[in-house]
Amino acid sequence: MSTTTTPPAGTTAPTGARPSGITARDLATSAATRRSRSTRIKLWIGSICTLVVFLPIVLAQVLPLADPNAQDLSQRRLAPLVAGHLFGTDQLGRDLLSRVLHGGQVSLTIGVLAVVVSGAIGIILGAAAGFYGKWVDIIISRVLEAQMSLPLLMMLLLVVALFGPSIPVITFVIAIAQWPEVARLTRSLVLVEREKPYVSAARILGLHKIQILIRHVIPNVFKQASLVVLLLLAQAVLLESALSFLGAGPQRPFATWGRIISDGQDYVTTSWWMVTLPGLMIALLVIGVNLLGDGLRDRKPRAKRTKGATR
């Protein structure tokens, strides 16, 4: 009865040894390779779509653009690429590209501030509910479930009608509407983290619960929670655009994407660019942010090199 021996490390296999059944083609078509390739594609497409929208909006103040509020009735409803207007003009002769970029500044400012506030509230309350448990978890969870059961858009319209459609009010309203999603994920992550050995070791060393939560637990869950906050940016922009479209957004002279689309809806059959181009900017931003968030979530961390590793 013969036995097959494995050659020691660092030596080559015998000439008559059977080759591996896994070929380069098998590796190229494996599920792990496909997932890795899909993640890279998401990151590239998401980054490109986000930058195409984000960079012109950030640079709108330095670009040679017309005044977004300057009216010229002799040039109203010009088609794109006519008379030096890249996106055409609206029903009052205002340059549509300038209005879209300056309006994007307002929409993105509200969206970014809203997700920062909602992320801070959600991470703090979700971490407290998951770490302390008992009555803290019960109160926060019931408030979270009660808010998520309410119709989102109706709640936003009600609050804006009560306090007025100003930028701080709209930002705060969107933040309050989004914090439950961050809190739910953070709570589930902290429930896992609090059972790990390093938390028990910190308690044995005499650290206070607040110190353990702030210095150790929250930093370990912050990366995953921040990805949800990134995905909520697209939702915040959509909510602000919906409010502006319904007339509950920032009032004039602010030109937001939703208000631009609302102003052009009466001319959609004759001047398609007044609705299509602002809507395309919203679509590109939402697609880019979602793909970027999905790619960052699916990307595996690279293994760190250890000192003194053999080559």
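Residues numbered from 1 in each chain as written. Predicted model: local features only at pLDDT ≥ 70, side-chain atom pairs only at ≥ 80, totals over all residues. Heavy atoms only, no water.

Caption draft 1: Quick peek at the overall build of the chain. Within the chain, the secondary structure is distributed over ten helices and zero strands. Tracing the chain from N to C terminus, the helices and strands come up as α-α-α-α-α-α-α-α-α-α. Evaluated residue by residue, the chain yields a buried proportion of 39% over its 311 residues. Summarising the internal contacts of the chain: among those between residues at least 6 apart in sequence, 72% fall at separations of at least 24. Of the roughly 18,700 Å² of accessible surface on the chain, 65% is carried by carbon and sulfur atoms. (Helix = DSSP H or I, 4+ residues; strand = E, 2+ residues; numbered from the N terminus. Buried < 20%, exposed > 50% of the residue type's maximum accessible area, 1.4 Å probe, protein only. Contact = heavy atoms within 4.5 Å. Areas by Shrake-Rupley, 256 points an atom, 1.4 Å probe, with all protein chains shown as cover.)

Caption draft 2: Structural detail: the environment of Val-237. On the secondary structure map, Val-237 appears in helix α8 (residues 209–245). Taking the relative accessible area as the measure of exposure, Val-237 reaches 0% and is therefore buried. Along the backbone, Val-237 and Val-286 are 49 residues apart, and their C-alpha atoms lie at a distance of 8.1 Å. Non-local contacts of Val-237, meaning those with residues more than four positions away in its chain, are made with Ser-107, Leu-108, Trp-257 and Leu-285.

Caption draft 3: Here's a closer look at helix α4 (residues 134–148). In a regular helix each residue adds 1.5 Å, so 15 residues correspond to 21 Å; α4 covers 21 Å between its end C-alpha atoms and thus fits that length. Within the span of α4, buried status applies to Val-136, Asp-137, Ile-140, Ser-141, Leu-144 and Gln-147. Down the axis of α4, the buried set is contained in an arc of 130°. They therefore lie on one face. Opposite the packed face of α4, turned more than 90 degrees from it, sit the exposed residues Lys-134 and Trp-135. (Expected span 1.5 Å × (residues − 1). Arc of directions from axis to C-beta.)

Caption draft 4: Layout of the packing of aromatic side chains. As enumerated under the stated definition, the model contains two aromatic pairs in all. Considering the side-chain rings of Phe-131 and Tyr-132, the 5.6 Å spacing of their centres and the 90° angle between planes classify their relative orientation as edge-to-face. Measuring from centroid to centroid gives 5.8 Å for Trp-272 and Trp-273, while their planes differ by 85°, and the two rings are edge-to-face. By relative accessible area, Trp-272 is classed as partly exposed at 44%. (Phe/Tyr/Trp six-rings, centres within 6.5 Å; stacked < 30°, edge-to-face > 60°.)

Caption draft 5: Structural detail: the side chain of Arg-94. Relative to the assigned elements, Arg-94 resides in the loop between α2 (31–58) and α3 (96–132). Classification of Arg-94 by relative accessible area gives buried; the value is 9%. Ignoring anything within four residues of it in the chain, the contact list for Arg-94 reads Pro-68, Asn-69, Ala-70, Gln-71, Gly-88, Thr-89, Arg-99 and Asp-263.

Caption draft 6: Just empty space enclosed by the protein, in detail. The tally for this structure, following the rule as stated, stands at one cavity of 30 Å³ or more. In this model, the largest cavity occupies a volume close to 50 Å³. In terms of lining, the largest cavity is formed by Asp-90, Gln-91, Arg-94, Leu-96, Arg-99, Ile-260, Asp-263, Gly-264 and Met-274. Mapped by element, the contributors of at least two residues to the lining of the largest cavity are α3 and α9 (257–264). Broken down by element, the residue count for the lining of the largest cavity peaks at three residues, all from α9. (1 Å grid on protein atoms, 1.4 Å probe; cavity = no way out; pocket = protein on both sides within 12 Å on 5 of 7 lines; lining within 4 Å. Points joined across faces, edges and corners; volume = space filled by probe spheres on them.)

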